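An overview of the molecular structure
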Amino acid sequence: MRHTASVLHLDLDAFFASVEQRDKPSLRGKPVVVGGIGHRGVVATASYEARSFGVRSAMSAREARAKCPHAAFLSGRFGAYRSASRIVMGLMHDLSPLVEPLSLDEAFVDLAAADLPDLELDTVTRVAADLRRRVLEATGLTASVGVASSKFLAKIASDLDKPDGLRVIAPGTELEVLSPMAVRVIPGVGPATTERLHRVGLHTVTELQRLSEDELVSLLGRAQGQSLWALAHARDDRPVVAEREAKSVSVEGTYESDITDRKLMEALLVRQAGEVATRLGKQGLSGRTVSIKVRLHDFTTLSRSSTLPAPTDDPATVARLARTLLGDLDTSGGVRLLGVGVSGLADWVQEDLFAEVGGVPEEPAEPLPAIPASVLDRRGSYPPGVDVVHTRFGRGWVWGSGRRVVTVRFETADTPPGPVRSFDLADPELSRWHEPEPDDEVASGPGWGAS
Ligand code: TTP
Ligand code: MG
């Protein structure tokens, strides 16, 4: 714990749903649910209006529909979420070189590494308010911000006035804020530990504080007991760790219907590996680390990577590693996104690498299936919420589709709520519209480009 409130935590409010309300004026102030909307779908997030009906992240779409049948159920637009995230992360980097992203919509900023006259409460409060204002101006999204003397308290603080809140916990008052809270606010206290603590009558942090460190260790084991004891006393010295610069070249694809056929997944990875290798070749680059990214039907996103002894730009090598990495993942529920990336880039290739090291498994003998055109062609597919453009009516979003009819609401972030019109699914004047992404073939971070 520091003597100054110099750790800032920012978390965007109802992130995916807020991006949807920003870009779809007719949904502002209304219940919106984003996630897998099919029969096995799971809610990724819900707008605060939908939350008031009891809709929550990770709930099944079916339950969400029962609780809030009049909500707009949208399938998600990751390109739009990614570009909003990039802008917000950039604003935090403008403030301090030490930014630690936790997810697309959440990060810690170390204000002690920022160029500020001092770290007095007035100063950090002004800086936090400025940051919230800049985020709103640049993205149209509200962020909740907390500032405190440690990561743990800063994260608690950002939740205190959520949504659209700002809370600064003055150094010296940490225990006042923390003690009355429920034990589950402590990182590492999940449902199982909460249940265990409840069974011995421990519900609040105050109650935890009455136990000695040894008592907590005997209850929960050494590692968890010690960490819980420290956090219950607001002791947290974890530093803000800046994300490492990780240049990469990557390709990914999202698929309209979940892919369950393992061989088809492998065929898609092989195709993407080829595209990644082509991009590497064009830029005269090679890389040591091959990664795959898999988003399951319930929006859980997994990644796996494997590092070679020396850089490669060989499509077959990238493909073989990607297929091997897929082998470690349980994809039986189906996947909606696959991606292949190469990082650890160098501007040279070691020739004939695997003749020497033999580090990559042999190509499996079984041939892969051809990829059906329908998997790759998204032009004729209109899940609810996606952006479209009509040659005469302009830009809009899919309100619903079925029985060969697509219904579109013609509006964008910059227009008033717009009219709804229906079209034949095969109408040649109607097509999907994709936000132009910045040139991120060589991107910072995981840097997944679109395929
Ligand atoms: P959160 O910050 O946990 O949630 P949120 O931003 O929607 O709402 P708030 O912070 O106001 O409570 O997660 C950020 C985004 O991550 C969220 O908009 C959607 C996505 N997400 C999932 O895809 N699945 C999940 O289970 C969760 C919790 C979030
Ligand atoms: Mg959030």
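Nothing here was measured: the structure is a model prediction, and the numbers come from that model. Numbering of residues starts from 1 in each chain and follows the order in which that chain's sequence is written. Here every chain gets a letter starting at A, and every ligand a number starting at 1, in the order they are written. Local features are withheld for residues below a pLDDT of 70 in this predicted model, meaning they are given only at 70 or higher, and side-chain atom pairs are given and counted only at 80 or more; totals for whole chains, interfaces and linings count all residues. As a rule here, side-chain values come from all non-hydrogen atoms in the structure, and water together with hydrogens is ignored.

**Some points on the packing of aromatic side chains**
Counted only if it meets this: Working definition: a ring pair exists when centres of Phe, Tyr or Trp rings (six-membered ring for Trp) sit within 6.5 Å. Plane angles under 30 degrees give stacked, over 60 give edge-to-face, the rest tilted. The way it works is that DSSP assigns letters per residue, a run of H or I at least four long becomes a helix, a run of E at least two long becomes a strand, and they are numbered from the N terminus. Summary of the burial criterion: residues with accessible area below 20% of their type's maximum are buried, those above 50% are exposed, and those between are partly exposed, where the area comes from a 1.4 Å probe applied to protein chains only. By definition here, charges over rings are those cases where NZ of Lys or CZ of Arg is within 6 Å of the ring centre and within 35 degrees of the ring normal.
Counting across every chain of the model gives nine aromatic pairs. Taking 5.5 Å as the distance between ring centres and 50 degrees as the angle between the ring planes, the aromatic pair formed by Phe393 and Phe410 counts as tilted. Remark: Phe410 occurs in the loop between strand 15 (405-409) and strand 16 (420-424) and Phe393 occurs in the loop between strand 13 (387-390) and strand 14 (394-402); sequence separation between them is 17 residues. Note on Phe393: relative accessible area 32%, which makes it partly exposed. An aromatic cluster is built from Phe15, Phe16, Phe78, Tyr81 and Phe299, whose rings are joined through pairwise contacts. The ring of Tyr48 carries the charged tip of Arg51 above its face, separated from the ring centre by 4.2 Å. In this structure, Arg65 packs its charged tip against the face of Phe73, placed 4.2 Å from the ring centre.

**Description of the site of ligand 1**
The criterion, for reference: Whether a residue is near a molecule or strand is decided by its heavy atoms; if any one of them lies within 4 Å of it, the residue is near. We define a polar contact as two N or O atoms separated by no more than 3.5 Å, with the added condition that, inside protein, one atom must be a possible hydrogen donor and the other a possible acceptor, whereas residues neighbouring each other in sequence contribute only through side-chain atom pairs. Note on areas: Shrake-Rupley with a 1.4 Å probe; residue coverage comes only from the protein chains shown. Gly counts as polar in this scheme, as do all residues outside two lists: the nonpolar Ala, Val, Leu, Ile, Met, Phe, Trp, Tyr, Cys and Pro, and the charged Asp, Glu, Lys and Arg.
Taken together, 13 residues lie around ligand 1, and Ala14, Thr45, Tyr48, Arg51 and Lys162 are the ones closest in. One nitrogen or oxygen atom from the side chain of Asp11 is found 3.1 Å from an oxygen atom belonging to ligand 1. Contact distances for ligand 1 include 3.0 Å between an oxygen atom and a backbone N or O atom of Phe15. Relative to its unbound accessible surface of 560 Å², ligand 1 loses 70% to contact with the protein. When residues of the shell around ligand 1 are traced back to their parent elements, those giving at least two are strand 1 (7-12), helix 1 (15-23), strand 3 (43-46) and helix 2 (48-51). For the shell around ligand 1, the class distribution of residues is six nonpolar, two polar and five charged.

**Examining the coordination of the magnesium ion (ligand 2)**
In plain terms, the rule: Sites may look incomplete, because water is not among the atoms used; the donor set itself consists of N, O and S atoms within 2.8 Å of the metal (3.2 Å for Na, K and Ca). For a four-donor site, all angles between 85 and 135 degrees give tetrahedral; for four or six donors, opposite pairs above 155 degrees with the remaining angles between 65 and 115 give square planar or octahedral; all remaining cases count as irregular.
Every protein donor of the magnesium ion (ligand 2) is accounted for by Asp11 (OD), Leu12 (O) and Asp105 (OD), and the metal-donor separations fall at 2.0 to 2.2 Å. Around the magnesium ion (ligand 2) sit six donor atoms, and with donor-metal-donor angles ranging over 82 to 177 degrees the site reads as octahedral. Of note, the donors binding the magnesium ion (ligand 2) are all from one chain and are spaced D-L-x92-D. Here Leu12, found in strand 1, pairs with Asp105, found in the loop between strand 5 (99-103) and strand 6 (106-110); they are 93 residues apart in sequence, far enough to count as distant. Neither residue differs from the other here; Leu12 and Asp105 are each classed as buried.

**Quick word on helix 12 (residues 262-282)**
Stated formally: Given the number of residues in a helix, its expected span is that number minus one, multiplied by 1.5 Å.
Taking 1.5 Å per residue, 21 residues should reach 30 Å; helix 12 reaches 30 Å between its end C-alpha atoms and fits that length. For helix 12, every residue scored as buried is listed here: Leu264, Met265, Glu266, Ala267, Leu268, Leu269, Gln272, Ala273, Val276, Ala277, Arg279 and Leu280. N-cap assignment for helix 12: the residue whose side-chain oxygen lies 2.9 Å from the backbone N of Lys263 is Asp261. Within two residues after helix 12, Gly284 carries a phi angle of roughly 65 degrees, on the positive side.

**As for unusual backbone geometry**
Here the bond from Lys162 into Pro163 is cis, since omega is 0 degrees, no more than 30 degrees from zero. With respect to the element layout, Pro163 can be found in the loop between helix 6 (151-160) and strand 8 (166-168). Positioned with a positive phi, Arg403 is a non-glycine residue whose angle comes to about 45 degrees. In this structure, Arg403 sits in the loop between strand 14 and strand 15. Overall, Arg403 belongs to the exposed group, its relative accessible area being 84%. For Arg404, which is not a glycine, the phi torsion comes out positive at approximately 65 degrees. Along the chain, Arg404 falls in the loop between strand 14 and strand 15.

**Some points on the pairing of strand 7 (residues 143-148)**
The following threshold applies: Note on pairing: two strands pair once DSSP finds at least 2 bridges between them. With the strands aimed away from the viewer, a crossover counts as right-handed if its path from the first strand over the helix to the second runs clockwise.
When you tally the buried positions in strand 7, you get six out of six residues, the bulk of the element. The pairing of strand 1 with strand 7 spans six bridges and is classified as antiparallel. Paired with His9 across the bridge in strand 7 is Gly146. Handedness of the crossover joining strand 7 and strand 8 through helix 6: left-handed.

**Re the confidence of the model for the chain**
We apply this condition: Residue-level confidence of the predictor is what pLDDT reports, using numbers from 0 through 100. The criterion used for residue contact is that any of the two residues' heavy atoms lie within 4.5 Å.
On average, residues of the chain carry a pLDDT of 89, and 90% of them reach 70 or more. Across residues 350-359, where pLDDT falls below 50, the model places 10 contacts with residues more than four positions away in sequence or in other chains. Low confidence marks residues 439-451, where pLDDT is under 50. Its contacts with residues over four positions away, or in another chain, come to 46 contacts.

**Concerning the side chain of Ser75**
Checked against the element boundaries, Ser75 lands in the loop between strand 4 (72-74) and helix 4 (78-95). With relative accessibility at 8%, the residue Ser75 sits in the buried group. With sequence-adjacent residues up to four places away left out, Ser75 is seen in contact with Gly35, Ile37, Phe299, Arg336, Pro383, Pro384 and Val386.

**Details of the pattern of salt bridges**
This is how the line gets drawn: Whenever a carboxyl oxygen of Asp or Glu lies within 4 Å of a side-chain nitrogen of Lys or Arg, that contact is scored as a salt bridge.
All chains considered together, the criterion is met by 22 salt bridges. In this structure, Arg82 and Glu252 form a salt bridge, with 3.0 Å as the shortest nitrogen-oxygen distance. With Arg82 in helix 4 and Glu252 in strand 9 (residues 248-259), this residue pair connects regions lying 170 residues apart in the sequence. We note that Arg82, like Glu252, is buried.

**Observations regarding the sheet that holds strand 16**
In plain terms, the rule: Interaxial angles span 0 to 180 degrees and are taken between N-to-C directions of axes, which are lines fitted to C-alpha atoms, for helices over the stretch in contact.
Taken in spatial order, the five strands of this open sheet run 16-15-14-13-17, and their pairing is antiparallel. Edge positions in the open sheet fall to strand 16 and strand 17 (430-432), since each of these has one partner strand only. Looking at each pair of strands side by side, their axes are set apart by 40 degrees on average, direction ignored. Note: strand 13 against strand 14, four bridges, orientation antiparallel. Paired with Val389 across the two strands is Arg395, which belongs to strand 14.

**Regarding the environment of Gly140**
As for its placement among the helices and strands, Gly140 is situated in the loop between helix 5 (121-139) and strand 7. Under the relative-accessibility criterion, Gly140 is labelled partly exposed at 42%. For Gly140 and Val19, which are 121 residues apart along the polypeptide, the C-alpha to C-alpha distance reads 8.1 Å. Once residues within four sequence positions are removed from consideration, Gly140 is found in contact with Arg22 and Val135.

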